[in-house]
Amino acid sequence: METKSVLSDEPKFYVIGAGLSRSGTLSMKTALEILYDGKCYHAEEVFCSRNHANFWYDLSNGKLTDDEIRQWFLSKGYVAGVDCPFSLHYREFLRVFPNAKVVLNVRDPHKWYHSVKRALVPFWKAVT
């Protein structure tokens, strides 16, 4: 009698991070890459290539189908995603990857505000 394996070679997307920047997302990225032995999308990757910026622009403007979104992440070996802009679209990703788990990183609001003000505001002022 032949049995079918319960493990699939089909690429999977396991975790959708819904937490904002400066809430432990880089640590979460590292942990998810170790746990799932794959890449985790993080805000730092937006600046890797024009292709990434174009993807987020198209996604934000409703120009991509669910299949295009799924293919974009899975073809690049991503198994999870965290941080902005990824976390801003968690609802779309839950629709595209319905079996993925959603994780919400949180941080004390006052500490978060001061961290963003110290780390991100100067960066955005420099690039805009």
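Quick caveat, the model's predicted, so the values are computed rather than measured.

Draft legend 1. Looking closely at the overall build of the protein. When helices and strands are tallied, the protein shows six helices and four strands. Counting from the amino terminus, helix and strand elements in the protein follow one another as β-α-β-α-α-β-α-β-α-α. Taken over 128 residues, the protein has a buried fraction of 33%. For the protein, the share of sequence-separated contacts (at least 6 apart) that also reach a separation of at least 24 residues comes to 76%. Total accessible area on the protein stands at roughly 8700 Å², and carbon and sulfur atoms take up 57% of it.

Draft legend 2. A look at the packing of aromatic side chains. A complete count under the given rule lists 20 aromatic pairs for this structure. On the numbers, 5.6 Å between centres and 55° between planes, the contact of Tyr 41 with Trp 56 is tilted. Pair noted here: Tyr 41 is in strand E2 (residues 39-41) and Trp 56 is in helix H2 (residues 50-60), with a separation of 15 residues, a long-range link. Across the pair, exposure class does not vary: Tyr 41 and Trp 56 are buried alike. Ring pairing ties together the aromatic residues Phe 13, Tyr 41, Phe 55, Trp 56, Trp 72, Phe 73, Tyr 78, Phe 86, Phe 93 and Phe 97, which thus form one cluster. Against the face of Tyr 78 rests Lys 39, its NZ or CZ located 4.7 Å from the ring centre.

Draft legend 3. Quick peek at the environment of Tyr 78. Positionally, Tyr 78 belongs in strand E3 (residues 78-81). For the pair Tyr 78 and Tyr 14, spaced 64 residues apart in sequence, the C-alpha to C-alpha distance is 9.2 Å. Those residues in contact with Tyr 78 that lie beyond four places of it in its chain are Lys 12, Phe 13, Lys 39, Cys 40, Tyr 41, Glu 45, His 52 and Phe 73. There is a polar contact of 2.4 Å between the side chain of Tyr 78 and the side chain of Glu 45.

Draft legend 4. Quick peek at the layout of surface pockets. Counted as a void, the second largest pocket has a volume near 260 Å³. Lining the second largest pocket are 13 residues, and of these Pro 11, Lys 12, Phe 13, Phe 97 and Asn 99 sit closest to its centre. In the lining of the second largest pocket, the residues fall into eight nonpolar, one polar and four charged.

Draft legend 5. The pairing of E3, seen in detail. The pairing of strand E1 (residues 15-17) with E3 spans two bridges and is classified as parallel. Residue Ile 16 lies in a different strand from E3, and its bridge partner there is Gly 81. The pairing of E2 with E3 spans three bridges and is classified as parallel. What sits directly across from Cys 40, in E3, is Ala 80.

Conventions adopted
- Residues numbered from 1 in each chain as written.
- Predicted model: local features only at pLDDT ≥ 70, side-chain atom pairs only at ≥ 80, totals over all residues.
- Heavy atoms only, no water.
- Helix = DSSP H or I, 4+ residues; strand = E, 2+ residues; numbered from the N terminus.
- Buried < 20%, exposed > 50% of the residue type's maximum accessible area, 1.4 Å probe, protein only.
- Contact = heavy atoms within 4.5 Å.
- Areas by Shrake-Rupley, 256 points an atom, 1.4 Å probe, with all protein chains shown as cover.
- Phe/Tyr/Trp six-rings, centres within 6.5 Å; stacked < 30°, edge-to-face > 60°.
- Lys NZ or Arg CZ within 6 Å of the ring centre and 35° of its normal.
- Polar contact = N/O pair within 3.5 Å; in protein donor to acceptor, adjacent residues only side chain to side chain.
- 1 Å grid on protein atoms, 1.4 Å probe; cavity = no way out; pocket = protein on both sides within 12 Å on 5 of 7 lines; lining within 4 Å.
- Points joined across faces, edges and corners; volume = space filled by probe spheres on them.
- Nonpolar A, V, L, I, M, F, W, Y, C, P; charged D, E, K, R; others polar.
- Pairing = 2+ DSSP bridges.

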